[in-house]
Amino acid sequence: MKILLLGSGELGKEFTIAAQRIGQTVIAVDSYENAPAMQVAHGFEVINMLDGDALDRIVAKHNPDFIVPEIEAIRTERFYDYEKQGITVVPSAKAANFTMNRKAIRDLASKELGLKTANYRYATTAKELQKGVEAVGMPCVVKPLMSSSGKGQSTIKTEADIEKAWNYAVEGSRGDVVEVIVEAFVKFNSEITLLTVVQNNNPTLFCAPIGHRQERGDYQESWQPARISDKDLYEAQDMAEKVTEALGGAGLFGVEFFLADDGVYFSELSPRPHDTGMVTLAGTQNFNEFELHLRAILSLPIFEITLEKNGASAVILASENSTNPSYTGITEIASLPKTDFRIFGKPTSRPYRRMGVALVNDTLETPIEEVVEKAKKAASLVTVHS
């Protein structure tokens, strides 16, 4: 099978490696050369994926069996035409369109499916944002409708924050949609990602819940399993199954939830492997999230997903701009027990850009807090230099 991968970052790289291991052909696409997935794919294309004509050209050129999106900034409305041509869009054209824009997925979850979400409004101008803040109250969170890795996300605590939040959201927005969502701050105790695997001819499966901590809207550490009550887990699984069924198709979805005193709140959904799910590269499961995504796409039956170990991931961040980043501390992290790492191979760095990840596992009896601390310490050993 030939897979056209749209977006070639670290998640796409691990997906490509999984595909290569079972003999699939991958063409990696991104807006810049030498992106991580391009380094391991059979071929690559460099285009602006918001250019629908350019997208049409490479689809016609490669005639793939599958189109697998990895990022948001894609002219996703073209996906419906590709499906009509007989190409499988992962998970589906509808899922890709709805989830690449926070507005569509939030309205689906809240208004159509009746899932519990934070109170929210939309805004296309700073003045509309002001009205939205008045409606949902402070503190509140502002996010671009199209963004990734927390870009453009901020918290409004005072009136003085509103204009700054608008400007930051517009600056961090991906694609050509200049609109934001402002949502009431949920007083949550923790947040989880529930990796949900939708199969074509077999039951939907769930990975053990993943906990994570964020800074600047981007995850810093993730761990599996997260602590969650049976009641909350059942509620999250029920919500995840409803929203993925409404979107259609097959593949792995990263469904995010807030856990609060009054229950579970649906937050967001990604129709692909999730950055917090990189913890599965630590050997926590019988299949990592990239292998699960691939098998679901190819209709290879997944009998079960088993939790094998406790694990944690911690990000390795750049601190400066560079066009030729290098690394120190690799020998030190490699010498640690029950520890692994990934360096993504990004050709450039900038402050806070995720350049790699430390991975630690231990027995199921080991307190998860200990595993997380080991991952944080491991990640701190690696420094990115210009």
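Keep in mind that what you see is a predicted model, and the values were worked out from it rather than measured.

**Focus: the packing of helix H1 (residues 10-21) against helix H9 (residues 289-297)**
Right, so step 1: Close contact between H1 and H9 brings their axes to 9 Å; oriented N to C, the two are set at 60°. By the angle between their axes, H1 is oblique relative to H9. As for how H1 packs across H9, the hand of that crossing is right-handed. Touching Leu-11, Glu-14, Phe-15, Ala-18, Ala-19 and Arg-21 of H1 are Glu-289, Phe-290, Glu-291, His-293, Leu-294 and Ile-297, all from H9.
Right, so step 2: Its residues placed into classes, the contact of H1 with H9 shows seven nonpolar, one polar and four charged.

**Observations regarding the sheet that holds strand S6 (residues 120-123)**
Right, so step 1: Strand order in the open sheet made by the four strands is S6-S9-S7-S8, with antiparallel pairing throughout. Looking at which strands have only one partner, the edges of the open sheet turn out to be S6 and strand S8 (154-156). Strand-to-strand, the axes of this sheet are offset by a mean angle of 25°, without reference to chain direction.
Right, so step 2: Two strands pair when backbone bridges link them, and strand S7 (residues 140-144) and S8 are joined in this way by three bridges, in the antiparallel orientation. Each residue of the ladder has a partner; that of Val-142, found in S8, is Ser-154.
Right, so step 3: Strands in contact with helix H7 (residues 161-172) are S6, S7, S8 and strand S9 (180-184); relative to S8, the strand with the most contacts, it is inclined by about 160°.

**Focus: the environment of Lys-94**
Right, so step 1: Positionally, Lys-94 belongs in helix H4 (residues 93-99).
Right, so step 2: It is 9.2 Å that separates the C-alpha atoms of Lys-94 and Ala-246, two residues lying 152 residues apart in sequence.
Right, so step 3: Lys-94 has contacts with Tyr-80, Ala-246 and Leu-247, leaving out every residue within four places of it along the chain.

**Describing H1**
Right, so step 1: Between its terminal C-alpha atoms H1 stretches 17 Å, which fits the 16 Å expected from twelve residues at 1.5 Å a residue.
Right, so step 2: Buried within H1 are the following residues: Glu-10, Leu-11, Gly-12, Lys-13, Glu-14, Phe-15, Thr-16, Ala-18 and Ala-19.
Right, so step 3: Taken together, the buried residues of H1 touch strand S1 (2-6), strand S2 (25-30), strand S4 (66-69), H9, strand S18 (339-343) and strand S19 (354-362).
Right, so step 4: Positive backbone phi, approximately 80°, marks Gly-23, located one or two places after H1.

**A short note on the packing of aromatic side chains**
Two measures describe an aromatic ring pair: the distance that separates the ring centres and the angle between the ring planes.
Right, so step 1: Here the structure, examined in full by the defined rule, presents five aromatic pairs.
Right, so step 2: Centre to centre, the rings of Phe-79 and Tyr-82 are 6.2 Å apart; their planes meet at 45°, and the pair counts as tilted. Highlighted residues: Phe-79 and Tyr-82, both in helix H3 (residues 79-84), separated by three residues, approximately one helical turn. Comparing Phe-79 with Tyr-82, the two get one shared label, buried.
Right, so step 3: Look at Phe-188 and Phe-258: their rings are 4.7 Å apart centre to centre, the planes differ by 20°, and that puts the pair in the stacked class. Here Phe-188, found in strand S10 (residues 188-198), pairs with Phe-258, found in strand S14 (residues 251-260); they are 70 residues apart in sequence, far enough to count as distant.
Right, so step 4: Overall, Phe-188 belongs to the partly exposed group, its relative accessible area being 28%.
Right, so step 5: Counting every residue linked through ring pairs, the aromatic cluster contains Phe-185, Phe-188 and Phe-258.
Right, so step 6: Here Lys-94 stacks its cationic end above the ring of Phe-98, 5.5 Å away from the centre of that ring.
Right, so step 7: Here Lys-103 stacks its cationic end above the ring of Tyr-122, 4.9 Å away from the centre of that ring.

**Side note on the sheet that holds strand S3 (residues 43-46)**
Right, so step 1: With parallel pairing, the five strands of this open sheet are ordered in space as S3-S2-S1-S4-S5. The sheet is open, and its two edges are formed by S3 and strand S5 (88-89), each paired on a single side.
Right, so step 2: Relative to S3, S2 is paired through four bridges, and the arrangement is parallel. Bridge pairing in S3 links Asp-30 to Val-46.

**Comments concerning the domain arrangement of the protein**
Right, so step 1: If you check the domain split of the protein, you get domain 1 (2-89), domain 2 (119-184) and domain 3 (188-385).
Right, so step 2: Distance between the C-alpha centres of domain 1 and domain 3: 23 Å.
Right, so step 3: Carbon and sulfur atoms supply 66% of the area that domain 1 and domain 3 bury against each other, a total of about 1,700 Å² over both sides.
Right, so step 4: When the buried area of domain 1 at its contact with domain 3 is split by residue, Glu-10, Leu-11 and Glu-14 rank highest and sum to 36% of it.
Right, so step 5: The interface formed by domain 1 and domain 3 holds four salt bridges in total.
Right, so step 6: Linking domain 1 with domain 3 are seven residue pairs in polar contact (both at pLDDT 80 or more), by the criterion used here.
Right, so step 7: Elements supplying a minimum of two residues to the side of domain 1 that touches domain 3: H1 and S4.
Right, so step 8: For the side of domain 1 that touches domain 3, the element with the most residues is H1, which contributes eight residues.
Right, so step 9: Classifying every residue of the side of domain 1 that touches domain 3 gives twelve nonpolar, three polar and seven charged.

**Looking at the environment of Ser-270**
Right, so step 1: Mapped onto the fold, Ser-270 is located in strand S15 (residues 263-270).
Right, so step 2: Residue classification places Ser-270 among the buried positions, given a relative accessible area of 15%.
Right, so step 3: In the structure, Ser-270 is positioned 17 residues away from Phe-253 in sequence and 5.6 Å away in space, judged by C-alpha atoms.
Right, so step 4: Dropping the residues within four chain positions of it, Ser-270 is found in contact with Leu-252, Phe-253 and Gly-254.

**Concerning unusual backbone geometry**
As a rule of thumb, non-glycine residues mostly have phi less than zero, and peptide bonds are mostly trans rather than cis.
Right, so step 1: A cis amide bond links Val-90 to the next residue, Pro-91, at an omega of -10°.
Right, so step 2: Within the fold, Pro-91 resides in the loop between S5 and H4.
Right, so step 3: Pro-225 follows Gln-224 through a cis peptide bond whose omega is 5°.
Right, so step 4: Tracing the sequence through the fold places Pro-225 in the loop between strand S13 (218-224) and helix H8 (230-247).
Right, so step 5: For Ser-299, which is not glycine, the phi torsion reads 60° and is therefore positive.
Right, so step 6: Note on placement: Ser-299 falls in the loop between H9 and strand S16 (310-317).

The rules behind the values
Residues numbered from 1 in each chain as written. Predicted model: local features only at pLDDT ≥ 70, side-chain atom pairs only at ≥ 80, totals over all residues. Heavy atoms only, no water. Axes fitted to C-alpha atoms, helices over the stretch in contact; angles between N-to-C directions. Helix = DSSP H or I, 4+ residues; strand = E, 2+ residues; numbered from the N terminus. Parallel < 35°, antiparallel > 145°, perpendicular 65-115°, else oblique. Left-handed = near helix turned anticlockwise from the far one by under 90°. Contact = heavy atoms within 4.5 Å. Nonpolar A, V, L, I, M, F, W, Y, C, P; charged D, E, K, R; others polar. Pairing = 2+ DSSP bridges. Expected span 1.5 Å × (residues − 1). Buried < 20%, exposed > 50% of the residue type's maximum accessible area, 1.4 Å probe, protein only. Phe/Tyr/Trp six-rings, centres within 6.5 Å; stacked < 30°, edge-to-face > 60°. Lys NZ or Arg CZ within 6 Å of the ring centre and 35° of its normal. Domains from an automatic or database assignment. Buried area = accessible area lost by both parts, 1.4 Å probe. Salt bridge = Lys/Arg side-chain N within 4 Å of Asp/Glu carboxyl O. Polar contact = N/O pair within 3.5 Å; in protein donor to acceptor, adjacent residues only side chain to side chain.

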